[in-house]
Amino acid sequence: MFAGAGLAGMFLSALLAATILPLGSEAVLLALLYADYPMLPLLIVATTGNVAGSWINYWIGRHWGRPGIKRFLKVTDDSLFRAEQRFRTWGRWSLCLAWVPVIGDPLTLIAGLIRVHPGWFLFLVTIGKAARYIAISLLA
């Protein structure tokens with residue numbers, strides 16, 4: 001479905017994959033690479049879409065705060081507190097792992113909640129997500 005829409009499909013799948021929705025964008029990237037789309041535009045579009053999706057998570061954490069996250073994600077105070085503590089233990093550099101399944105989306109929400117500087121957030125998340133897409137593309 002997404003691959004049939006070309007670069008727009010790549011952007012949309014990458015954006016949605018970076019939110020809390022259980023989607024992936026790697027298959028779309030590979031399908032477009034195998035359909036002979038040029039690698040550089042795909043990498044730029046995929047990274048931009050994925051970072052934009054993470055920015056949505058950051059915004060939710062920053063603007064909805066603890067009550068919004070608890071209501072939206074149905075998490076307890078205790079689990080949210082533990083997530084904050086883990087983030088503080090590993091620090092903002094852990095945002096380079098925002099691409100990792102299961103932990104990446106909560107990382108970006110917590111970064112917004114504890115108000116990581118937006119510049120650092122975008123820089124570190126972009127590094128991690130771009131590196132992941134580059135690795136996938138080169139291995140394909």
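The rules we used
Residues numbered from 1 in each chain as written. Predicted model: local features only at pLDDT ≥ 70, side-chain atom pairs only at ≥ 80, totals over all residues. Heavy atoms only, no water. Buried < 20%, exposed > 50% of the residue type's maximum accessible area, 1.4 Å probe, protein only. Helix = DSSP H or I, 4+ residues; strand = E, 2+ residues; numbered from the N terminus. Arc of directions from axis to C-beta. Contact = heavy atoms within 4.5 Å. Salt bridge = Lys/Arg side-chain N within 4 Å of Asp/Glu carboxyl O. Core = buried A, V, L, I, M, F, W, Y, C linked by side-chain atoms within 4.5 Å. Phe/Tyr/Trp six-rings, centres within 6.5 Å; stacked < 30°, edge-to-face > 60°. Lys NZ or Arg CZ within 6 Å of the ring centre and 35° of its normal.

Enquirer: Please clarify how helix α2 (residues 26–34) should be interpreted in this entry.
Expert: Helical periodicity: at 3.6 residues per turn, an α-helix aligns residues three or four positions apart in one direction. Buried residues of α2: V28, L29, L32 and L33, and no others. Looking down the long axis of α2, one finds its buried residues gathered within 135° of arc, a one-sided arrangement. Exposed residues lying more than 90 degrees from the buried face of α2 are A27 and Y34. Those residues of α2 that are buried are in contact with α1 (6–17), α3 (39–73) and α6 (118–139). At the C-terminal side of α2, D36 shows a positive phi close to 70°.

Enquirer: Can you help me understand the environment of L12 in this one?
Expert: As for its placement among the helices and strands, L12 is situated in helix α1. Separated by 41 residues in sequence, L12 and G53 place their C-alpha atoms 9.2 Å apart.

Enquirer: Help me out: how do you make sense of the environment of F11 in this one?
Expert: With respect to the helices and strands, the residue F11 is situated in helix α1. Sequence separation between F11 and G53 is 42 residues, and the spatial gap between their C-alpha atoms is 9.8 Å. If we ignore the near neighbours within four places in the chain, the residues touching F11 are V45, T48 and G49.

Enquirer: Explanation requested: the pattern of salt bridges in the structure shown.
Expert: Note on pairing: side chains with opposite charge can pair once their charged atoms come close. For the coordinates displayed, the defined rule picks out six salt bridges. With a shortest N-O distance of 2.0 Å, R66 and E84 are connected by a salt bridge. Residue R66 is found in helix α3, and its partner E84 is found in helix α4 (residues 77–90); the two are separated by 18 residues along the sequence. Since its relative accessible area comes to 28%, R66 is described here as partly exposed. Residue classification places E84 among the buried positions, given a relative accessible area of 10%. The structure contains a network of salt bridges with shared partners spanning R66, K70, D77, E84 and R88.

Enquirer: Whenever I open this one, the nonpolar core confuses me. Can you help?
Expert: Ranked by internal contacts, the top residues of the largest apolar core, which has 18 residues, are F87, L95, I110, A111, V116, F121 and V125. Mapped onto this core, the elements with two or more residues apiece are α3, α4, α5 (104–113) and α6. Non-local contacts of V125, meaning those with residues more than four positions away in its chain, are made with V51, S54, L95, A98 and T108. By size, the runner-up hydrophobic cluster in this structure holds 13 residues, among which are F2, V28, L43 and I136.

Enquirer: For this particular structure, what's the right way to read the packing of aromatic side chains?
Expert: Aromatic ring pairs are defined here through the distance separating the ring centres and the angle between the ring planes. Taken as a whole and assessed by the stated rule, the structure comprises five aromatic pairs. Ring centres 4.5 Å apart and planes at 35° place the aromatic pair Y58 and F121 in the tilted group. Residue Y58 is located in helix α3, and its partner F121 is located in helix α6; the two are separated by 63 residues in the primary sequence. Here Y58 matches F121 in class, with each residue buried. The rings of W55, Y58 and F121 are connected pair by pair, giving a single aromatic cluster. A cation over a ring is seen here: R92 above W120, with NZ or CZ 3.9 Å from the ring centre. Here the guanidinium or amino end of R132 rests over the ring plane of Y133, the centre of that ring lying 4.1 Å away.

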